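Listed below, chain by chain, are the residues.
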Amino acid sequence: MAAPATAPPEPSSLKRIVAASLIGTTIEWYDFFLYGSAAALVFNELFFPDEDPLVGTLLSFLTYAVGFAARPLGALVFGHYGDRLGRKKLLVLSLLMMGGATFAIGLMPTHATIGSAAPVLLTVLRLVQGFALGGEWGGAVLLVSEHGDAKRRGFWASWPQTGAPAGQLLATGVLSALTALLSDAAFSSWGWRIPFLLSGVLVIVGLWIRLSVDESPVFKAALAQAEQRKSEAGQVEKMPVVAVLRHHWRDVLIAMGARMAENISYYVITAFILVYATTAVDMSKQTALNAVLIASAVHFAVIPLWGALSDRIGRRPVYLIGAIGVGAWMFPFFALIDTAGFGALLLAVTVGLVLHGAMYAPQAAFFSEMFATRMRYSGASIGAQFSSVAAGAPAPLIATALLADYDSSTPIALYVIAAALLTVVAIACARETRERDLTTLDSVADEVEDAPATATADARTA
C-alpha cells in the first residue's frame, strides 16, 4: 500500500516545530546535566559525607549512573505509546516528569538532616529523570525529522541535538555564576538548590511552546493507513517493539554501536573533566566550569553545521570523522589539561566537543531514517537509550575509578579510544540513509508484513 504524500510544512511552521523540540530538549538536558555537575562538585559532601573525598565522588557518580539505567525503560514505554498515540503527547509528559523530579531535588533534605534516607530519595528522583529522558530524545528528533524537508533533514533534525550543549551551557552557566558569587560554604549550604528550583520556571515556558505545535504529518498518514488496514482486512499491528526487533534488529545494533564513542566521550569531556581538573591537576572549580561553559557554546554552534554537511556528503562520512577524531584526540586532550593552564584546558575541551558534534549532529536524521513510522519512535529510542547503559552511564564512574587506581590519564584515554574503534566498526557496517524517503520506508514495512515467508527477504532487501 503506497503511503499518501504529505505536503512540506511552511518555513514558519517548521521553525516553530524546531523551536518546540529545541526548548524541550534544552530543558531536559539542563535538568540531566545539572545533576551530573552537582554530583561532581557538591553531592559527594552533601549525601556521602563520611567517605574519602574521591570515594564520595565515586558514590555520587554511581547515583548519577542510576539515571541511565532507567533510560531504556523510558525508551520502551515512551516509544510504544509514541508510536501508537503520537509524538506530541509523550513529549509533553516527558517534560513534566523531568521538570518535576529536578524541582524536587532542589527541595531535598541532605544527609545531615535525614541521614541515609537522603541518598535513597536522591536515587529515586534520578530514576524518574532517566525514565523521562529515555523517552524525550526519540520524540523530539522525530517530530522535526517527520516535519522537515527531506533534502535538509540532517540540518533541521540536528537542532534538537543542540539541546544537549544548550542544556549543558545553561546548567554550567548557572553553576558557574553561583560559584563566582557565593562562598564555598554558602554554595554547599543552599546555593546549589537554586539551579534545580529554576527548572520549574523553564518547564512552564517549555510546555507553552510545545503545546502550540501540531502532530507529525508523517505519523498521521501512517496512523490513517493502519486504521484503514484494520477496518478493511482486520489486520492488527504488532507491538512496535516486536516489529522493531523482528525487522530492524540489525539497525538497532548499529545504532547502539554508533552511540558508544559519542556517549562515552561526551561524559568524559564534560562531567569527568570537572573531577580530573580539580583533583588531579589541582585547578579551581570555577576554572573548570568556565572551560566547559565556553566549549559548550562552540559545541552548540557547530552541531547544525555538521548536520548540514551530512546532507551534502552523507551521515556515515560525517559520523566517521567524529569517531576517528575523538579517538585520536584523547592523548592530546589529557596532555593539554595536565599543563594546568586555562587556555590549554579550554582548547582540549573545545576540540573534543567539536569532534563529538560530528557524531551527534547527524545522529537524529541517521537513526530516524532507519525505521518505519509506526515503529520509528521505538526503534530510534531503543537503539539510542539501551546503549547509554553501557556507555554514558558508567563513563564518569569508570574514568574516576581508573584515575583512583592508576593515578594516570592513560587508561582513561585508552578507554575512550576503545569506544571509538567500536563505533567505527558499527558505522562501517551501516548503510547510508541520506537519500531515504520516510514514507517509502512505510511502504516497504507494509510489504514485509503482508508478504509470504518466501518473499519476506526480498521485501527487506528493498
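Residues numbered from 1 in each chain as written. Predicted model: local features only at pLDDT ≥ 70, side-chain atom pairs only at ≥ 80, totals over all residues. Heavy atoms only, no water.

Participant: Would you mind going over the overall build of the protein with me for this structure?
Facilitator: When its secondary structure is counted, the protein shows 21 helices and zero strands. Within the protein, the fraction of its 462 residues that count as buried is 59%. Relative to all contacts within the protein whose residues are 6 or more apart in sequence, the contacts with residues 24 or more apart total 87%. Accessible area for the protein stands at about 16,800 Å²; split by element, carbon and sulfur atoms hold 68% of it. (Helix = DSSP H or I, 4+ residues; strand = E, 2+ residues; numbered from the N terminus. Buried < 20%, exposed > 50% of the residue type's maximum accessible area, 1.4 Å probe, protein only. Contact = heavy atoms within 4.5 Å. Areas by Shrake-Rupley, 256 points an atom, 1.4 Å probe, with all protein chains shown as cover.)

Participant: Explain the pattern of salt bridges here, please?
Facilitator: Any two side chains of opposite charge can pair if their charged atoms end up close together. Evaluation of the coordinates by the stated rule reveals eight salt bridges. Between glutamate 369 and arginine 153 there is a salt bridge, with the nearest N and O atoms lying 3.0 Å from each other. Of this pair, glutamate 369 sits in the loop between α16 (342-368) and α17 (373-390) while arginine 153 sits in helix α7 (residues 153-161), and the two are 216 residues apart along the sequence. The burial state of glutamate 369 is the same as that of arginine 153; both residues are buried. Glutamate 435 is paired through a salt bridge with arginine 434; the nearest N and O atoms lie 3.4 Å apart. The exposed category is assigned to glutamate 435, whose relative accessible area is 66%. Connected through shared salt-bridge partners, Asp83, Arg87, Glu146 and Arg376 make up one network. (Salt bridge = Lys/Arg side-chain N within 4 Å of Asp/Glu carboxyl O.)

Participant: Would you explain the packing of helix α13 (residues 249-280) against α17 in this entry?
Facilitator: Axes are the key here: two packed helices are described by the angle between their axes and the distance separating the axes. Axis separation between α13 and α17 bottoms out at 8 Å; the angle between their running directions is 45°. Between α13 and α17, the angle is such that the two are oblique. Note on packing geometry: the crossing formed by α13 with α17 is right-handed. Between α13 and α17, the residues in contact are Val252, Ala255, Met256, Arg259, Met260 and Asn263 and Gly379, Ile382, Gly383, Ala384, Gln385, Phe386, Ser387, Ser388 and Ala390, respectively. For the contact of α13 with α17, the per-class residue count stands at eight nonpolar, six polar and one charged. (Axes fitted to C-alpha atoms, helices over the stretch in contact; angles between N-to-C directions. Parallel < 35°, antiparallel > 145°, perpendicular 65-115°, else oblique. Left-handed = near helix turned anticlockwise from the far one by under 90°. Nonpolar A, V, L, I, M, F, W, Y, C, P; charged D, E, K, R; others polar.)

Participant: What is the right way to look at the nonpolar core in this model?
Facilitator: For soluble globular proteins, nonpolar side chains are generally found buried alongside one another. Membership of the largest hydrophobic core comes to 125 residues, with the highest contact counts inside it found for Phe43 and Phe333. A per-element tally of this core places α13 first, with 17 residues. Within the second largest apolar cluster, five residues are counted, among which are Ile27, Val92, Leu95 and Leu207. (Core = buried A, V, L, I, M, F, W, Y, C linked by side-chain atoms within 4.5 Å.)

Participant: Would you mind showing me how to read unusual backbone geometry here?
Facilitator: Glycine aside, residues mostly have negative phi angles, and peptide bonds mostly take the trans form. One non-glycine residue, aspartate 282, lies in positive phi territory at about 65°. Along the chain, aspartate 282 turns up in the loop between α13 and α14 (285-313). With relative accessibility at 68%, the residue aspartate 282 sits in the exposed group. Backbone geometry at aspartate 407 places phi at a positive 50°, although glycine is not the residue there. Secondary-structure assignment places aspartate 407 in the loop between α18 (395-406) and α19 (410-429).

Participant: I tried to follow empty space enclosed by the protein on my own but got confused; where do I start?
Facilitator: Unfilled space is identified by rolling a water-sized probe across the atoms. Applying the stated criterion across every chain yields a total of four cavities of 30 Å³ or more. Estimates place the volume of the largest cavity at around 70 Å³. What lines the largest cavity is Trp29, Phe33, Arg71, Ala164, Arg259, Glu262, Asn263, Tyr266, Tyr267, His356 and Tyr360. Of all the elements in the fold, those that place two or more residues in the lining of the largest cavity are α1 (11-41), α13 and α16. No other element matches α13, which puts five residues into the lining of the largest cavity. (1 Å grid on protein atoms, 1.4 Å probe; cavity = no way out; pocket = protein on both sides within 12 Å on 5 of 7 lines; lining within 4 Å. Points joined across faces, edges and corners; volume = space filled by probe spheres on them.)

Participant: Even after reading the chapter, I still don't get the packing of aromatic side chains, so can you show me in this structure?
Facilitator: Any pair of aromatic rings gets described here by the distance separating the centres and the angle formed by the planes. Under the definition given, this model contains 12 aromatic pairs. Consider the rings of phenylalanine 366 and phenylalanine 367, whose centres lie 6.0 Å apart with planes at 40°: the pair is tilted. For phenylalanine 367, a relative accessible area of 0% puts it in the buried group. Taken together, the ring pairs in this structure connect Trp137, Tyr319, Phe366 and Phe367 into an aromatic cluster. (Phe/Tyr/Trp six-rings, centres within 6.5 Å; stacked < 30°, edge-to-face > 60°.)

Participant: I keep staring at a nonpolar patch on the surface and nothing clicks. Help me out?
Facilitator: On the surface, Leu73, Leu76, Val77, Tyr81, Leu85 and Phe386 cluster together into a nonpolar patch covering about 500 Å² of accessible area. For the nonpolar patch, the leading source of residues is helix α3 (residues 53-85), giving five residues. Inspection of the secondary structure assignment puts valine 77 in helix α3. (Patch = residues over 30% accessible without salt bridge, like charges linked within 9 Å, V, L, I, M, F, W, Y side chains within 5 Å.)

Participant: Is there a simple way to explain the side chain of threonine 350 in this structure?
Facilitator: Among the secondary structure elements, threonine 350 is positioned in helix α16. If sequence neighbours within four positions are ignored, threonine 350 has contacts with Ala295 and Val298.

Participant: Just to check I follow, could you spell out the confidence of the model for the protein for this structure?
Facilitator: Regions with low pLDDT should not have their predicted coordinates read in detail. Residues at a pLDDT of 70 or more form 87% of the protein, whose mean pLDDT is 82. Considering only residues more than four positions removed or in separate chains, one finds that residues 444-462, a stretch of pLDDT under 50, has 19 contacts. (pLDDT = per-residue confidence, 0-100.)

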